[in-house]
Amino acid sequence: MAQIIHLDEFQEVRREMRRRAAAHAHLARALQILKENLADAAAALRDTPPDQEDELLARVEKLTAMVRYGARMLGEGRTSEAG
């Protein structure tokens, strides 16, 4: 008895795997850029005049939240909420 193999299903699975791998790579690169921006903002905080600290601290908070979110999307770092 012959068995029919549906190659189109296998090809679709392979295409989906490639799409996911590409998306993962793009997200990983975006996360790296966010981390670099966060490090730059944190370094700039040392030399920031007091009247500009609030704006820079807000930027650090936003970048931190974005890094945390991106890391969760990639499955990196098992951060837990304290409380």
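Coordinates for the structure precede this section.
Anyway, here's the lowdown on the structure attached to this text. All figures in this text were calculated on a predicted structure; none of them were measured in a lab.

With respect to helix H1 (residues 7-46)
With 40 residues, H1 should cover 58 Å at 1.5 Å per step; its first-to-last C-alpha distance of 60 Å lies within 8% of that length. Listing the buried residues of H1 in full gives Leu31, Leu34, Leu38 and Ala41. Where the residues of H1 are buried, they touch helix H2 (53-74).

Focus: the pattern of salt bridges
Here the structure, examined in full by the defined rule, presents four salt bridges. Arg15 is the partner of Glu12 in a salt bridge, and the nearest nitrogen-oxygen pair spans 3.1 Å. With a gap of three residues between them, Glu12 and Arg15 both fall in helix H1, about one helical turn apart. The class of Glu12 is partly exposed, set by a relative accessible area of 36%. What makes Arg15 partly exposed here is its relative accessible area of 35%. Glu12 serves as the salt-bridge partner of Arg19, at 3.0 Å between the closest nitrogen and oxygen. Three or more residues joined by partner-sharing salt bridges are found here, namely Glu12, Arg15, Glu16, Arg19 and Arg20.

Reading the values: the criteria
Residues numbered from 1 in each chain as written. Predicted model: local features only at pLDDT ≥ 70, side-chain atom pairs only at ≥ 80, totals over all residues. Heavy atoms only, no water. Helix = DSSP H or I, 4+ residues; strand = E, 2+ residues; numbered from the N terminus. Expected span 1.5 Å × (residues − 1). Buried < 20%, exposed > 50% of the residue type's maximum accessible area, 1.4 Å probe, protein only. Contact = heavy atoms within 4.5 Å. Salt bridge = Lys/Arg side-chain N within 4 Å of Asp/Glu carboxyl O.

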